[in-house]
Amino acid sequence: MEKCDSIEEYIQTLSGRLDEFEQSTTTVDDQQATVFHDRSLSISTFGLVDTVFVVGTAETASQAQAFSEASFNYGLSLKSKLPRGLGGNLVVYPVIVSETGLIDWVQQYDPKHWSSFEFPVIIDPTEGTVDYYESTPLWGIIYYKGFRETAETILKP
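Residues numbered from 1 in each chain as written. Predicted model: local features only at pLDDT ≥ 70, side-chain atom pairs only at ≥ 80, totals over all residues. Heavy atoms only, no water.

Caption draft 1: Fine view of the overall build of the protein chain. Each helix and strand in the protein chain was counted, giving 4 helices and 7 strands. Secondary structure elements of the protein chain occur, N-terminal to C-terminal, as α-β-β-β-α-β-α-β-β-β-α. C-alpha extents for the protein chain along the principal axes are approximately 40 × 30 × 30 Å. Counting every position in the protein chain, which comprises 157 residues, the buried fraction comes to 48%. If you take every contact in the protein chain between residues at least 6 apart in sequence, the share linking residues at least 24 apart comes to 63%. Charged side chains of the protein chain number 10 positive and 23 negative; the gap between the two group centres comes to 10 Å. (Helix = DSSP H or I, 4+ residues; strand = E, 2+ residues; numbered from the N terminus. Buried < 20%, exposed > 50% of the residue type's maximum accessible area, 1.4 Å probe, protein only. Contact = heavy atoms within 4.5 Å. Lys, Arg positive; Asp, Glu negative; His and termini not counted. Charge placed at Lys NZ, Arg CZ, Asp CG, Glu CD.)

In structure tokens:
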């Protein structure tokens, strides 16, 4: 995959990869963020799955965590009306574009939510790298391989 020179260039690249997703901009954690949202029927989860990518920036671990949490909460506002665990499922990828060292933070940040997922990804567009939580929690064993594949194939610059 190619390196990108800026967050705008990265979002442009992502737009091409997620062309079937609805794209919008909104304010998340006091910053303008680009959002990609799709709702699909999934046999493996027995219901609808809302997949949300929220692209923003952070320079510190505390900023990254605040953005990730706010992105998940924004994703909840887009989720179908079906209850979580009873036909309504949510996967939120907070995509944090940063050239600072947030690898330690993302390697330790493992949020847990009822019948939904928050899988933050750190993108360094100038280096062309993607980092994320590499461990697999027992409760997420079925899903985390797919989250990592999405990070490597769709989100990597």
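Caption draft 2: Here's a closer look at the pairing of strand β1 (residues 22-28). As defined by bridge partners, β1 adjoins strand β2 (residues 31-42) across 7 bridges and the pair is classed as antiparallel. Residue pairing for β2: glutamine 23 is matched across the bridge by phenylalanine 36. With antiparallel pairing between neighbouring strands as the criterion, β1 and β2 make up a hairpin whose turn holds 2 residues, including aspartate 29 at a positive phi of roughly 55°. (Pairing = 2+ DSSP bridges.)

Caption draft 3: The packing of helix α1 (residues 7-17) against helix α4 (residues 144-155), seen in detail. Two numbers describe how α1 lies on α4: the axes approach to 10 Å, and their chain directions differ by 110°. When the axis of α1 is compared with that of α4, the two are roughly perpendicular. The segment α1 lies against α4, with Tyr10, Leu14 and Arg17 engaging Thr153, Ile154 and Leu155. (Axes fitted to C-alpha atoms, helices over the stretch in contact; angles between N-to-C directions. Parallel < 35°, antiparallel > 145°, perpendicular 65-115°, else oblique.)

Caption draft 4: Summary view of the packing of aromatic side chains. Counting across every chain of the model gives 12 aromatic pairs. An angle of 20° between the planes, with centres 4.9 Å apart, marks the rings of tryptophan 105 and tyrosine 109 as stacked. In this structure, tryptophan 105 and tyrosine 109 share a single accessibility class: buried. Following the ring pairs from residue to residue traces out a cluster consisting of Phe21, Phe53, Tyr93, Phe117, Phe119, Tyr132, Tyr133, Tyr144 and Phe147. (Phe/Tyr/Trp six-rings, centres within 6.5 Å; stacked < 30°, edge-to-face > 60°.)

Caption draft 5: Representation of the nonpolar core. Counting 24 residues, the largest nonpolar core has Tyr93, Val121 and Leu155 as its most contacted members. For this core, the secondary structure elements donating two or more residues are α1, β3 (47-57), β4 (88-97), β6 (121-124), β7 (129-132) and α4. For tyrosine 93, the contacting residues outside a window of four places in its chain are Thr51, Val52, Phe53, Val54, Phe119, Val121, Gly146, Phe147, Thr150 and Leu155. Val28, Ala33, Ala64 and Val92 belong to the second largest nonpolar core, which has 17 residues in total. (Core = buried A, V, L, I, M, F, W, Y, C linked by side-chain atoms within 4.5 Å.)

Caption draft 6: Quick look at unusual backbone geometry. We note that aspartate 30 has phi near 60°; this positive angle belongs to a residue other than glycine. Here aspartate 30 falls in the exposed class, since its relative accessible area comes to 78%. Residues other than glycine seldom take positive phi values, yet serine 115 does so here, at roughly 50°.

Caption draft 7: Summary view of the side chain of aspartate 50. With respect to the helices, strands and loops of the structure, aspartate 50 is situated in strand β3. On the basis of relative accessible area, aspartate 50 is assigned to the buried category, the value being 0%. Within the structure, aspartate 50 has its side chain in polar contact with the side chain of arginine 39 (distance 2.8 Å). With near-sequence residues (within four places) excluded, aspartate 50 lies in contact with His37, Asp38, Arg39, Leu78, Lys79, Ser80, Asn89, Leu90 and Val91. (Polar contact = N/O pair within 3.5 Å; in protein donor to acceptor, adjacent residues only side chain to side chain.)

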